[in-house]
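What follows is each chain in one-letter form.
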Amino acid sequence: MRTEPTGPTIGWDVVRDVSQVLEYHFMVNALLAGGVVAVMAGLVGWMMVLRRETFAGHTLAMMAFPGASGAALLGVPAAWGYFAFCGAGALAIGRFAGAERRSWSERSANTGAVQALALAMGFLFVSLYGGVLGDLESVLFGNLLGVSDTQLLGLTGVAAAAVVALAALARPLLFASVDSDAAAARGLPVQALSISFLALLGLAVAATSQITGVMLVFALLVAPAASAQALTARPLPSLGITVALGLLVVWLGLGISYYSVYPAGFFITVISFAVYLLARLFAVALARRSRERAPAASRPGPRRGVIS
Amino acid sequence: MFSAEFMRNALLAGTFIALACGVSGWFVVLRGQVFAGDALSHVAFPGALAAAAAGIDQRIGLFAATIAAGAAIGALGRGALAGRDGRSASASAAEDTAIGTVFTVILGLGVFFLTLLSTSSAGGAGIQGARTLFGSVFGLGAGEARLAAGVAIAALLLTAAIARPLLFASVFPDVAAARGVRTRLLSIAFAALLGVVAAEATQAVGALLLLGLLAAPAAAAHRVTAAPLAGLALAGALALGAMWGGLTLAYALPWLPPSTAVVLIAVSLYYAALGWR
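For every chain, the first residue of the written sequence is number 1, and numbering continues from 1 onward in sequence order. Whichever chain is written first becomes A and whichever ligand is written first becomes 1, with later ones labelled in order. Given that this is a predicted model, residues contribute local features only at a pLDDT of at least 70 and side-chain atom pairs are listed and counted only at 80 or more, while totals for whole chains, interfaces and linings are drawn from all residues.

Student: Is there a simple way to explain the overall build of chain B in this structure?
Tutor: The number of helices and strands found in chain B is eleven helices and zero strands. Helices and strands appear in chain B in the N-to-C order α-α-α-α-α-α-α-α-α-α-α. Contact between residues is assigned whenever the C-beta positions, reconstructed from backbone atoms, fall within 7 Å. Put simply, of all contacts in chain B between residues at least 6 apart along the chain, 74% involve residues at least 24 apart. The secondary structure listing takes helices from DSSP runs of H or I that are at least 4 residues long and strands from runs of E that are at least 2 residues long, numbered from the N terminus.

Listed below in C-alpha cells is the structure:
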C-alpha cells in the first residue's frame, strides 16, 4: 500500500478508515451506485447462471460498446444507445433460444455471431466518430467514481423496475429454466419467457454498464450468483447469499481502491473471483465431508460459517 | 491494390490466419466451445498489455497468455472438454459459468496492466490497448507478416495431425475413450492449439473481433453440411473469403477499418447460411 503524505492513509482503526472514505460526496455516490448495481445484477445474474445463459449475458454486456459509440456518433445521449443495442441484442439472441429445440453448440455459435457483429459495429462507429480513444477506455471499464446525483437516481429507478419485473416473472421463469419440457407441456409460453428474460437481462446490463463499464458488469452478474449456487441449491437462501456477496465485493473493492492508485474495477473483479474460488472450494469440502459421514450416520455435519 | 507493400503483408498474414481460424473454428463449433474461444480471445488483451508493461515484445505476452489459458481451460474443464459425461448440454453449460468467472478476473488484470502502463510509460497506453483490442492488419511489417503466416501454417498442420482422433473424441467421447483415445490429453492439446490461433488472429482482427472469424464461418459451414471434410473445407473457404473481401473493402473505403470489414462479411455469411437452410 502506497502511503503519501497528502493522500488518505489506511490504519488499523476501522471506524476512522470508513469515515475517511465517506468524507467525499463522490465516494458516497459510488458506494450507493455500486450497492444498487450489486443488488440488481446479483438478482438478474442469479437467474442467468441458473439458465446457463452466461455467454448471452456476456454478449449483452458487449452490446453497450456499440451502443455508447453509436450514440456518440449520432449525438444522442449515451443511455439511448445502450438501451437500444441491448434490446436489439436480446431479441437477436432470444430468437434462437426458446421453443425451437436447437442444440447447445448451435445456440452458442449464434450468440457468438451476434457478439462479433455488435463489436464490429462498435469499432466502426468509433472510427467513424474519429473520437478520442480515452473515451473507449471509460466505455469498456466505466467510471464508478464519477457518478452524479441524477445518474444515481436514474439507476435506482431502472434497478427497481428490473427487480419488480423479475419478481413478477420469477415463478414461471424458474419452472421453465429448471425443466423447460415440462413447463411447455403445462402450457407455459417458454419462448416468450425466454425472450422477456433476455430483454430484462439487457436492461439490467445497459443500466449497469454505464456505471461499471462493459467489461466489469460481468463480474457482478456472474461471480456472486455462481458462488451462491455452488453453496446451496435452495432458491431463496441462494438469492440472499448472491446479494450479500455482491454488496461485499463492490464495497470492499471500492474501499480498497480508495486507498490505492489502481482502479476499482480491478479490485472488484479480483475479489469476486476470489469469492467464487472460495465458494467452489467450500462446496467441494462440504460434499466430501457429507460423503464421508453418510455411511456412519445420516445426520448432516455441523456447518461452519460460509465465507468470512 | 497489390502494389502497396502493407497490402501485400496484410494479404499474406490474413490468408493463413483466416484458414487457421476457419479450420479450428469448425472444431470449436462442433465441440460447443464458442464461449471458450471467446474467453481465449479476451485473454489476449491482458497478455499483450502485460508484455507491454514489462517492456518485452507484446507477441510473447500474447502467445504465453492464450496458450496457458487454453491449456488451463482444457485441463480444468470437465464435460464437453474432457468427454467424461459425454457432450450433454448441461455439461457444456456448467462449464460456461466457470469460464465466465475466470475470464472476468482476466479482464480485471487487463485493467490493472492498462493502469500500470499508463502510469509508468506516459502515453502510448491507449494506442497499445486499441491495437490489441481491435488489431491492425494494415500495420504489419514484412517480417511480422511472414512470421504470422508461418505460425498459422504450423497451427494448420497441427490441427490436421490431430484431426481424426479429435473428430472421433468430439462426436463420440465415450466410444473414443473406450477405444483407447486419450480424450483428455486431446482436449488440452486442442485448447492450447486454439490459444495459438487466438493469439495469431488477435494480430489481424484484434482481441474483440476474433470471435467473428473463429465462430461465424464455422457455424455457417455447420449449417450447410454435416460432412466433416466438406464442412472443414467450407469453413476455411468462408473465412478466407471474409478475410479477402474485408481487406479489399477496407482498402477501397478508407473510412472502414479492416477488422470491422472482415467480421461484418463473416457474420453476413453466417446469416446467409441461416436463411439458406
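Student: Any chance you could explain the overall build of chain A here in plain terms?
Tutor: Looking only at helices and strands, chain A has twelve helices and zero strands in total. Written out in order from the N terminus, the α and β elements of chain A read α-α-α-α-α-α-α-α-α-α-α-α. With C-beta atoms placed from the backbone, a residue is buried if 20 or more other C-beta atoms are within 10 Å of its own, exposed if 12 or fewer are, and partly exposed between those counts. Buried positions account for 47% of the 308 residues belonging to chain A. Within chain A, contacts between residues at least 6 apart in sequence are counted, and of these 75% link residues at least 24 apart.

Student: Explain the interface of chain A and chain B here, please?
Tutor: Across the contact, 41 residues belong to chain A and 40 residues belong to chain B. Of all the secondary-structure elements, those providing two or more residues to the side of chain A that touches chain B are helix H3 (54-74), helix H5 (104-129), helix H6 (133-141), helix H10 (214-231) and helix H12 (264-293) of chain A. The class makeup of the residues in the side of chain A that touches chain B is 28 nonpolar, eleven polar and two charged. In this classification, the charged set is Asp, Glu, Lys and Arg, the nonpolar set is Ala, Val, Leu, Ile, Met, Phe, Trp, Tyr, Cys and Pro, and all remaining amino acids, among them Gly, are polar.

Student: What exactly am I supposed to notice about the confidence of the model for chain B here?
Tutor: A low pLDDT score tells you not to read the predicted coordinates there in detail. Residues and elements named next belong to chain B. In predicted models, pLDDT denotes the confidence assigned by the predictor to each residue on a 0 to 100 scale. Per-residue confidence for chain B averages 79 on the pLDDT scale, and 84% of its residues sit at or above 70. Per-element confidence in chain B is highest for helix H10 (residues 228-252), whose mean pLDDT is 91, and lowest for helix H5 (residues 125-134), whose mean pLDDT is 61. pLDDT under 50 marks residues 78-90. Its contacts with residues more than four places away, or in other chains, come to 37 contacts.

Student: Teacher, can you tell me more about the nonpolar core here?
Tutor: A general feature of soluble globular proteins is that nonpolar side chains tend to end up buried together. Among buried residues, those of type Ala, Val, Leu, Ile, Met, Phe, Trp, Tyr and Cys that are joined through C-beta atoms within 7 Å form a set called a nonpolar core. Counting residues in each nonpolar core, the largest one holds 193 residues, and the members touching the most others are A:Cys86, A:Ala116, B:Leu213, B:Ala215 and B:Ala266. Looking at this core, the element that brings in the most residues is helix H2 (residues 25-50) of chain A, giving 15 residues. If near-sequence neighbours (up to four positions away) are discounted, B:Ala266 is found in contact with B:Gly212, B:Leu213, B:Ala216, B:Pro217, B:Ala239 and B:Ala242.

Student: Got a minute to help me understand unusual backbone geometry in this structure?
Tutor: Trans peptide bonds make up most of the peptide bonds, and negative phi angles are found at most residues other than glycine. All names here are of chain A. Residues other than glycine seldom take positive phi values, yet Arg52 does so here, at roughly 55°. Along the chain, Arg52 falls in the loop between H2 and H3. A residue is classified by how many C-beta atoms lie within 10 Å of it, and Arg52, with 18 of them, is partly exposed.

Student: Just checking my understanding: could you explain the packing of H5(A) against helix H2 (residues 34-54) of chain B for this structure?
Tutor: For any two helices packed against each other, the geometry comes down to the angle between their axes and how far apart the axes lie. With their axes 8 Å apart at the nearest point, H5(A) and H2(B) run at an angle of 35° to one another. Here A:Ser108, A:Ala109 and A:Gly112 of H5(A) lie close against H2(B), whose contacting residues are B:Val34, B:Phe35 and B:Asp38. Of the residues contributing to the contact of H5(A) with H2(B), the split by class is three nonpolar, two polar and one charged. The convention used is that axes are lines fitted to C-alpha atoms, helices contributing only their stretch in contact, and that angles between N-to-C directions extend from 0 to 180 degrees.

Student: Help me understand the confidence of the model for chain A in this model?
Tutor: Residue and element names in this part refer to chain A. Summarising the model, chain A shows a mean pLDDT of 80, and 84% of its residues fall at 70 or more. Averaged pLDDT values over the elements of chain A bottom out at 59 in H6 and peak at 90 in helix H11 (residues 235-258). Segment residues 1-6 is flagged for pLDDT under 50; beyond a separation of four residues in sequence, or across chains, it makes five contacts in the model. Here residues 297-308 is modelled with pLDDT under 50, and outside its nearest four sequence neighbours on either side it reaches nine contacts, counting other chains as well.

Student: For this particular structure, what's the right way to read the packing of helix H1 (residues 5-30) of chain B against helix H9 (residues 210-224) of chain B?
Tutor: Residues and elements named next belong to chain B. As a packed pair, H1 and H9 sit with axes 7 Å apart at the nearest point and diverge in direction by 60°. Here the hand of the crossing between H1 and H9 comes out right-handed. Facing H1, whose interface residues are Ala18, Cys21, Gly22, Gly25, Trp26, Val28 and Val29, H9 presents Leu213, Leu214, Ala215, Pro217, Ala218, Ala219, Ala221 and His222. Class assignment of the residues belonging to the contact of H1 with H9 gives a composition of twelve nonpolar, three polar and no charged. Crossings are sorted by hand: turned counterclockwise from the far helix by less than a right angle, the near helix makes the crossing left-handed, and turned clockwise it makes it right-handed.

Student: So what exactly am I meant to see when it comes to the environment of A:Phe65 here?
Tutor: Its place among the elements puts A:Phe65 in helix H3. Measuring from C-alpha to C-alpha, the distance between A:Phe65 and A:Ala118 comes to 8.0 Å, with 53 residues separating the pair along the chain.

Student: Please clarify how H3(A) should be interpreted in this entry.
Tutor: An α-helix turns once per 3.6 residues; consequently, residues spaced three or four apart project the same way. Taking 1.5 Å per residue, 21 residues should reach 30 Å; H3(A) reaches 31 Å between its end C-alpha atoms and fits that length. Two residues or fewer after H3(A) comes A:Gly75, characterised by a positive phi angle close to 75°. Take the number of residues in a helix, subtract one, and multiply by 1.5 Å to get its expected span.

Student: Even after reading the chapter, I still don't get the environment of A:Val217, so can you show me in this structure?
Tutor: All names here are of chain A. Turning to its location among the elements, Val217 is positioned in helix H10. Classification of Val217 by C-beta neighbours within 10 Å gives buried; the count is 29. Along the backbone, Val217 and Gly154 are 63 residues apart, and their C-alpha atoms lie at a distance of 17 Å.

Student: How do you make sense of the environment of A:Asp179 when you look at a structure like this?
Tutor: Residue and element names in this part refer to chain A. Its location among the elements puts Asp179 in the loop between helix H7 (149-178) and helix H8 (180-185). Accessibility expressed as a C-beta count within 10 Å gives 12 for Asp179, which makes it exposed. In this structure the C-alpha to C-alpha distance between Asp179 and Pro66, which are 113 residues apart in sequence, comes to 35 Å.

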